[in-house]
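Inside the fold
Below, each chain spelled out in residue letters.
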Amino acid sequence: MSSEVVAVRPQGPVSALRRFGYSVEDCIVVTGRNLRHFVRQPQLLIFSTIQPIMFVLLFAFVFGGAIESSLPRGVAYVDFLLPGIFIQAAAFRSTQTAVGLVEDLDRGVIDRLRSMPIARPAVLVGRTAADLVRNVFVTLLMAAVGYLIGFRFRSGPLDAAAAILVVVAFGFALSWIFSFVGLTVRGAEAAQSAGFVAIFPLIFASSIFVPVSTMPAGLEQFAAASPVTVSVDAIRALSLGGEVSEPLLQSLAWIVGILAVFVPLCVWRYRRMS
Amino acid sequence: MSTAALTQALVRRFGDAEALGGVDLEVAEGSVVGLLGPNGAGKTTLVRVLATLLRPDEGRAEVFGRDVVTQASAVRELIGLTGQFAAVDELLSGRENLRMFGRLFRLSRRQSARRASELLERFGLADAGDRQVKTYSGGMRRRLDLASSLITRPRVLFLDEPTTGLDPRSRNEIWSIARELVGEGMTLLLTTQYLEEADQLADRIAVIDHGRVIAEGTGDELKDNVGGSMVEIRLEQPAERERAREVLLTLGCGEPKTADRPDELTLAAARDGVGMVAAAARALEEADLSVRDLSLRRPTLDDVFLELTGTTRGVDGEYSSEPEAPAEAPAEARR
């Protein structure tokens, strides 16, 4: 090798603190790589941006007239809808976590990373963290489009920021579920289909588009307890005003619960992946 | 010299299929060992076990005395892996790939950038360095993949079929890089299905088939095991081959073998090769058979392979092996 500086790998024991620093750095490097991927795939970027905008516009104008009458008095459908659409878009996007992971697995990139002396969770953290950054970006964009058609955060900037945090945290938790799907299911298309099978019922049997009180008994109970509904209700309360703490606590409980189950599951699956 | 890589009675199964059926292999530090075998012989599985990507079901595998299962992170500090499929990031440029791996190998930003430039230069990718890898040819990807394994110097490098699917020119480029690395004292474990590649690059060759090492030695040792030289006769008229065979039979040196080509015959020359050539030439001339070419040749690794595995080599240089060998599907291997 021509360069003396890098001729030999640093070896030997390092302090725990140092090792932690290295792990954080590894996660940042892999996150940066995944973020670059979004930018390098303009088509993906364009369509994954257009899709939520399209949902906002379609649902607001197609269903708006019919549904407004079953909403509480004085609530405009666009104000009701947007918090739901934030969550719906985040849920659909989380299936991309599985797809991205499967593609990396198939291309051997993950094999190379696994054969290198880097932090074990870097691949998973790098993937979910990049998806989180993307979620922030897309959610802000959707809010901006919402503003153009009359949506407003009506409880002030702090609650608005909290609402967006809930969206992003919810998306992050789902990303870990779909990381597990990606590590378990074979093939990107299978991962995508598995994602939709899981996500679709959750999205529609929820308070995203309509109040759950309009649903038949059975379904109403399912919908009311669903993590999607409680998160949407929390965001709605934060943006429209109203009772915040109950749905917010339920939503956070779901988010923490999902992470507590799926992060260890993913790590276990990743380690066992031989 | 210490042992760079060692496997003992290594077994790995995928479902019912046994990919490795008890492999013993030793790679001395500073040497180049070629693992030669047809598709599905277990080569990739063995490399994946040594690279900590796959746990063995039975037996042991070590890299510089560190166990690949219990001391996996220590092993990863020591190895470099260039796989069968170039594991480079298509959406990043060549330079970005190398810088990313540099950062992951604990180089600073500046060191990573400098190292990336050095490697791009050395591997003939300087001009393409800032282009996305998806625009690269197969040979360029493979070189970038190899460069990624060499960001910091591994003590042993695993090259898994480094030239499979490459055109001859790209193959030569990879070979010359491999030779340079060997010249610098790098330990290499190279898997290949090309006999020539093993012959060209490896000090020792282990022939692997159906998950077992069926022969081991230097290229010359393996060739000697097959037997002595052979006289190869090529006739002007393929139609005369049968008559030529009868003539050669009278020499009393055993049964002449008919080869794949319709105009070719071979005759084993266990002892006096030159005398045999003369005798065959004389006999054929007396029988009025016109000969296009008559030569004495040492057995090639092809012959070794044929003898050992009963596998034949097709026109395209690939082996047509019996389908019973478990397929080495990487998609399966990682699950």
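Residues numbered from 1 in each chain as written. Chains lettered and ligands numbered in written order. Predicted model: local features only at pLDDT ≥ 70, side-chain atom pairs only at ≥ 80, totals over all residues.

With domains assigned, chain B is organised as domain 1 (3-224) and domain 2 (228-297). For domain 1 of chain B and domain 2 of chain B, the distance between their C-alpha centroids amounts to 43 Å. (Domains from an automatic or database assignment.)

Right, let's talk about the nonpolar core for a bit. Counting 142 residues, the largest nonpolar core has A:Ile87, A:Val167, B:Leu50 and B:Leu189 as the members making the most contacts within it. In this structure, A:Ile87 is in contact with A:Val167, A:Phe170, A:Ile208, A:Val228, A:Ser231, A:Val232 and A:Ile235, ignoring residues within four places of it in sequence. Core analysis: the next-biggest nonpolar cluster, separate from the first, contains 13 residues, B:Val231, B:Leu235, B:Val247 and B:Ala269 among them. (Core = buried A, V, L, I, M, F, W, Y, C linked by C-beta atoms within 7 Å. Buried ≥ 20, exposed ≤ 12 C-beta atoms within 10 Å, placed from the backbone. Contact = placed C-beta atoms within 7 Å.)

All names here are of chain B. The backbone of Glu161 sits at a positive phi, close to 45°, despite the residue not being glycine. Mapping Glu161 onto the fold places it in the loop between strand E7 (156-160) and helix H6 (168-183). The buried category is assigned to Glu161, around which 23 C-beta atoms lie within 10 Å. (Helix = DSSP H or I, 4+ residues; strand = E, 2+ residues; numbered from the N terminus.)

To continue, consider the sheet that holds strand E2 (residues 17-28) of chain B. Residue and element names in this part refer to chain B. Judged by pairing direction, the sheet is antiparallel, and its 4 strands sit side by side in the order E2-E1-E4-E5 without closing on themselves. The sheet is open, and its two edges are formed by E2 and strand E5 (66-67), each paired on a single side. Relative to strand E1 (residues 3-14), helix H1 (residues 43-50) is tilted by about 120°, and along the sheet it contacts E1, E2 and strand E4 (58-63). (Pairing = 2+ DSSP bridges. Axes fitted to C-alpha atoms, helices over the stretch in contact; angles between N-to-C directions.)

Here we take up helix H5 (residues 138-149) of chain B. All names here are of chain B. In this model H5 runs 17 Å from its N-terminal to its C-terminal C-alpha over 12 residues, within 8% of the 16 Å that 1.5 Å per residue would give. Buried residues dominate H5, accounting for 11 of its 12 residues. Among all positions of H5, only Gly139, Met140, Arg141, Arg142, Arg143, Leu144, Asp145, Leu146, Ala147, Ser148 and Ser149 are buried. Those residues of H5 that are buried are in contact with strand E6 (79-82), helix H3 (94-104), helix H4 (109-122), E7 and H6. (Expected span 1.5 Å × (residues − 1).)

Residues and elements named next belong to chain B. Pairing is antiparallel in the open sheet, where 4 strands are placed in the order E12-E13-E11-E14. If you trace the sheet from one side to the other, it starts and ends with strand E12 (257-258) and strand E14 (291-297), each paired once. Summarising the sheet, E12 and strand E13 (residues 264-269) pair through 2 bridges and their orientation is antiparallel. Bridge assignment links Thr258 to a residue of E13, and that residue is Leu265. Where helix H9 (residues 241-249) meets the sheet, it contacts strand E11 (229-235), E12 and E13, and its direction lies at approximately 15° from that of E13. Contacting E11, E13 and E14, helix H10 (residues 273-286) runs over the sheet at an angle of about 165° to E14.

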